[in-house]
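Architecture at a glance
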Amino acid sequence: MAPPRRAGRKSTTREQIIQESEQFEPEATRRAAGVTESSRANRGWWDRNADEYQVEHGTFLGDDRFVWCPEGLDETEAELLGPVEDLKGKDVLEIGAGAAQCSRWLSAQGARPVALDLSHRQLQHALRIGGGFPLVQADAGALPFADASFDLACSAYGALPFVADPVLVLREVHRVLRPGARFVFSVTHPLRWAFPDEPGPEGLTVSASYFDRTPYVEQDEEGRAVYVEHHRTLGDRVRDVVASGLRLVDVVEPEWPVWNTSEWGGWSPLRGNLIPGTAIFVCERERDLG
């Protein structure tokens, strides 16, 4: 899921997490950032900040829940991948798995998940928590799997918000899926890019153009990117899915539930009751004809 902006202190993990802090205060800017620069920057960022992320959000995510977004939409109820009872025996790829909470839940339902992440440190957290399924460190734009390897694929705020070429990733997902397989991914709702990333009232006033696709970049003193996030409009996301050869089945915009009183970076009950924070795209690889 999206990166933390405030450090927390609670964790559900069974071993102490060692904190690794930034050695400098990065400069935030909007500028171009290509495929290679984005991948390198985000690999380093997640390796440096995985500990903080798991401390801050570990309680909310749990060790073996499948939560799609800060709104708290749970796959147990949502069934965006299909009926829970149909997951048994399915080969499932989780992209941008982090500590593999979603894969752990899938495994408990009898599926055969593979958890993939760009960050070695995130996968160390997955290994520490355990699960008994494969963990793979790789870039989502070059999936190290044979064609038609999986019955399902999923990504809860993983990879797609951080890549410069989302179609490349989606085509790779299309390649490794079997005919008729489903891919579901969640990202920051595109509308959110027009508003400041603040949970309070200051986050309710439009401050930027929704149509400005210039990436958000944090860079060091020498101008090297250390974190990159890419903006796509809702129409862009739809066109990206179509361009990859996948078929768009549904777009889900979760409403903020009454029970959720948590803040997650710029996500909050205040904002969640007024504007969407997450968009979930439900896609399928169409069955081969003939």
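Residues numbered from 1 in each chain as written. Predicted model: local features only at pLDDT ≥ 70, side-chain atom pairs only at ≥ 80, totals over all residues. Heavy atoms only, no water.

Notes on helix H1 (residues 35-61)
The condition is simple: A run of H or I in DSSP counts as a helix once it spans at least four residues, and a run of E counts as a strand once it spans at least two, with each numbered from the N terminus. Expected helix span is taken as 1.5 Å per residue step, with the number of steps being one fewer than the number of residues. Each residue is assigned a bend, namely the angle between axes fitted to the seven residues that terminate at it and the seven residues that start at it.
In this model H1 runs just 29 Å from its N-terminal to its C-terminal C-alpha over 27 residues, more than 12% under the 39 Å that 1.5 Å per residue would give. Of all the bends in H1, the greatest, near 55°, is centred on Asn49. In the stretch just after H1, Gly62 is the one whose phi turns positive, near 70°.

Overview of the sheet that holds strand S8 (residues 225-229)
For clarity, the threshold we go by: Any two strands with at least two DSSP-identified bridges between them are counted as paired. Axis definition: a line fitted to C-alpha atoms, over the contacting stretch in the case of helices. Angles run 0 to 180 degrees between N-to-C directions. The contact definition used throughout considers only heavy atoms, calling two residues in contact when any of these lie within 4.5 Å.
Read across the sheet, 3 strands follow the order S1-S7-S8 without closing on themselves; strand pairing throughout is antiparallel. The open sheet is flanked by strand S1 (27-30) and S8, the only strands paired with a single partner. Taking the axes of each pair of neighbouring strands and ignoring which way they run, one obtains an average angle of 20° across the sheet. In the sheet, S1 pairs with strand S7 (residues 216-219) via 4 bridges, with the strands oriented antiparallel. Residue pairing across strands places Glu27 opposite Gln219, the latter belonging to S7. Contacting S7 and S8, H1 runs over the sheet at an angle of about 105° to S8.

A closer look at the sheet that holds strand S4 (residues 135-137)
Strand order in this open sheet of 7 strands is S4-S3-S2-S5-S6-S10-S9, and the pairing throughout is mixed. The open sheet has two edge strands with one neighbour each: S4 and strand S9 (246-252). Strand-to-strand twist across the sheet, computed as the mean angle between neighbouring axes with direction ignored, equals 20°. Across 5 bridges, the pairing between strand S2 (residues 91-95) and strand S3 (residues 112-117) is parallel. Paired with Glu94 across the strands is Ala115, a residue of S3. Sitting on the sheet, helix H5 (residues 166-176) touches S2, strand S5 (150-156), strand S6 (177-188), S9 and strand S10 (278-285), and the angle it makes with S6 is about 150°. Relative to S9, helix H6 (residues 234-243) is tilted by about 150°, and along the sheet it contacts S6, S9 and S10.

Comments concerning the side chain of Arg271
Put simply, the rule reads: Throughout this description, buried means an accessible area under 20% of the type-specific maximum (1.4 Å probe, protein chains only), exposed means over 50%, and partly exposed covers the range between. Positive: Lys, Arg. Negative: Asp, Glu. His and the chain ends are not part of the count. The term salt bridge refers to a pairing of a side-chain nitrogen on Lys or Arg with a carboxyl oxygen on Asp or Glu at a separation within 4 Å. Whenever two N or O atoms come within 3.5 Å, that pair is a polar contact, provided that in protein one can donate a hydrogen and the other can accept it, and provided that, for residues adjacent in sequence, both atoms are side-chain atoms.
Residue position: Arg271 is located in helix H7 (residues 269-272). Despite being buried, Arg271 has no salt bridge partner; Asp197 is the closest side chain of opposite charge, sitting 4.3 Å away. For Arg271, the side chain forms a polar contact with the main-chain oxygen of Pro196, separated by 3.2 Å.

Focus: the environment of Ala108
Within the secondary structure layout, Ala108 lies in helix H3 (residues 101-108). Residue classification places Ala108 among the exposed residues on the basis of a relative accessible area of 62%. C-alpha of Ala108 to C-alpha of Asp64: the two residues are 44 residues apart in sequence and 8.3 Å apart in space.

Section: H6
Stated formally: What the arc describes is the spread of directions from the helix axis to the C-beta atoms.
Every buried residue of H6 is listed here: Asp236, Arg237, Asp240 and Val241. For H6, the angular spread of the buried residues around the axis is 135°, confining them to a single face. Residues of H6 that are exposed and angled more than 90 degrees away from the buried face: Arg239 and Val242. Note on H6: the residue one or two positions beyond its end, Gly245, has a positive phi of about 95°.

Quick look at the confidence of the model for the chain
Our working rule: pLDDT gives the predictor's per-residue confidence on a scale running from 0 to 100.
Confidence along the chain averages 92 in pLDDT terms, with 91% of residues attaining 70 or more. When the criterion is pLDDT under 50, residues 2-21 qualifies, and its contacts beyond four places in sequence or with other chains add up to 63 contacts.

Some words on the nonpolar core
Selection rule: Residues enter a nonpolar core if they are buried and are Ala, Val, Leu, Ile, Met, Phe, Trp, Tyr or Cys, with the set joined through side-chain atoms within 4.5 Å.
Ranked by internal contacts, the top residues of the largest apolar core, which has 31 residues, are Phe66, Trp68, Leu80, Leu81, Leu106, Cys154 and Val184. For this core, the elements supplying multiple residues, two or more each, are H1, H3, S5 and S10. In terms of residue count, the dominant contributor to this core is H1 (5 residues).

Digging into the state of the cysteines
So the rule is basically this: Any cysteine sulfur atom paired with another within 2.5 Å is treated as part of a disulfide.
This structure, assessed with the given rule, holds 0 disulfides. Of all cysteine sulfurs in the structure, the one in Cys102 sits closest to Cys69, which takes part in no disulfide; the separation is 11 Å. The class for Cys69 is buried, based on a relative accessible area of 0%. Cys102 takes part in no disulfide bond, and the closest cysteine sulfur, belonging to Cys154, lies 6.1 Å away.

As for the packing of aromatic side chains
As a reminder, the rule being used: Any Phe, Tyr or Trp ring, taking Trp's six-membered ring, that has another such ring centre within 6.5 Å forms a pair; planes under 30 degrees apart are called stacked, those over 60 apart edge-to-face, and the others tilted. Working rule: Lys NZ or Arg CZ, within 6 Å of ring centre, within 35 degrees of ring normal, means a charge sits over the ring.
Applying the stated criterion across every chain yields a total of 15 aromatic pairs. Each ring, one from Trp45 and one from Trp46, has its centre 4.9 Å from the other, and the planes form 80°; the classification is edge-to-face. Judged by relative accessible area, Trp45 falls into the buried class, the value being 4%. Here a set of aromatic residues connected by ring pairs shows up, and it is made of Trp45, Trp46, Tyr53, Phe60, Phe162, Tyr216, Tyr227 and Trp264. The ring of Trp267 carries Arg192 above its face, with NZ or CZ at 4.3 Å from the centroid.

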